[in-house]
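What follows is the residue order along each chain.
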Amino acid sequence: MQGAFEEHVRALEGAGARTRLVRTREDLDGLDGIVLPGGESTTMTMLMERVGLLEPVREAIRDGLATLATCAGMIVLAREITDGMAEQKGLGLLDIGVRRNGYGRQLQSFESPVQIDGIAGEDGKDGKEGKDGLDFPGVFIRSPLVERTGDVKVMAIHDGHPVAVRQGRIVALCFHPELTSDLRLHREFVRMASSR
Ligand code: GLN
């Protein structure tokens, strides 16, 4: 509906997937996976609600549609949202609590390497993954701060806070792999989405 969807399209296609923009509930038919991009979570949920997508998307993800959420997408999925707009509604499916723009004014946007666990990589082809996980360039732009985690697997921590979590077939990131030329996380997502 809004945000960095073109960048995800480019990354997913680079990772070998076919893509479709989801603008109506019919667009959900037959998908193996969905990306909730970065952007502005309040605008996204408002638009999704307006076109009648909020409930169908919630159902699809609850029923196991593989989901990659980045930044605002993570906020849209989160069970609790602090510092959201009044009555900011989300999907409430991911068992975390986030604070919008929680990295504070001077740190609103920054880049930092992130160590990601639980990703096998591709037999060393990408170079950097070893037993410590994947060393990934993290681009953070007015990112949500994860303040609570429930029944999720924390895949990466930065400065004492989770920045990548997984819950079943949902992967949610505070940072933006689609704004880098590094396709490893998108490839991993395509692999997850196509194995069912
Ligand atoms: N701060 C934005 C929000 O609240 C998220 C920023 C982003 O997606 N880069 O939705």
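Cut-offs and rules
- Residues numbered from 1 in each chain as written.
- Predicted model: local features only at pLDDT ≥ 70, side-chain atom pairs only at ≥ 80, totals over all residues.
- Heavy atoms only, no water.
- Buried < 20%, exposed > 50% of the residue type's maximum accessible area, 1.4 Å probe, protein only.
- Helix = DSSP H or I, 4+ residues; strand = E, 2+ residues; numbered from the N terminus.
- Contact = heavy atoms within 4.5 Å.
- Near = heavy atom within 4 Å.
- Polar contact = N/O pair within 3.5 Å; in protein donor to acceptor, adjacent residues only side chain to side chain.
- Areas by Shrake-Rupley, 256 points an atom, 1.4 Å probe, with all protein chains shown as cover.
- Lys, Arg positive; Asp, Glu negative; His and termini not counted.
- Salt bridge = Lys/Arg side-chain N within 4 Å of Asp/Glu carboxyl O.
- pLDDT = per-residue confidence, 0-100.
- Disulfide = S-S within 2.5 Å.
- Pairing = 2+ DSSP bridges.
- Axes fitted to C-alpha atoms, helices over the stretch in contact; angles between N-to-C directions.

Draft legend 1. Looking closely at helix H3 (residues 54-62). Those residues of H3 that fall on the buried side of the exposure criterion are Leu54, Pro56, Val57, Arg58 and Ile61. Turning to H3, the residues buried within the fold contact strand S1 (33-36), helix H2 (41-50), strand S2 (66-70), helix H4 (72-77) and strand S10 (170-173). Gly64 sits one or two residues past H3 and shows a positive phi near 110°.

Draft legend 2. Structural view of the site of the ligand. The full set of residues close to the ligand is Gly38, Gly39, Glu40, Ser41, Cys71, Ala72, Ile75, Arg100, Asn101, Ile141, Arg142 and His176. At 3.0 Å, a backbone N or O of Arg142 approaches a nitrogen atom of the ligand. Taking 300 Å² as the accessible area of the ligand by itself, protein coverage stands at 96%.

Draft legend 3. Molecular detail of the side chain of Arg169. Along the chain, Arg169 turns up in the loop between strand S9 (161-167) and S10. No salt bridge is formed by the buried Arg169; its nearest oppositely charged neighbour, Asp32, is found at 6.6 Å. For Arg169, the side chain forms a polar contact with the main-chain oxygen of Ser195, separated by 3.2 Å. Not counting residues up to four positions away in its chain, the partners in contact with Arg169 are Asp32, Gly64, Leu65, Ala66, Thr67, Met192, Ala193, Ser195 and Arg196.

Draft legend 4. Highlighting the confidence of the model for the protein chain. Averaged over all residues, the pLDDT of the protein chain equals 91, while 92% of them reach at least 70. Within the model, the stretch residues 122-130 combines pLDDT values under 50 with 13 contacts to residues more than four positions away or in other chains.

Draft legend 5. Local environment of the state of the cysteines. Here the structure, examined in full by the defined rule, presents zero disulfides. In this structure Cys174 is not part of a disulfide, and its nearest cysteine sulfur, from Cys71, lies 7.1 Å away. Cys174 sits in the buried class, given a relative accessible area of 0%.

Draft legend 6. Spotlight on the sheet that holds strand S8 (residues 153-158). An order of S1-S2-S10-S9-S8 is seen for the five strands of this open sheet, with the pairing classed as mixed. Of all strands in the sheet, those with a lone pairing partner are S1 and S8, marking the two edges. This sheet shows a mean twist of 15° between the axes of neighbouring strands, independent of strand direction. The pairing of S1 with S2 spans four bridges and is classified as parallel. When the bridges of S2 are listed, Val35 appears paired with Leu68.

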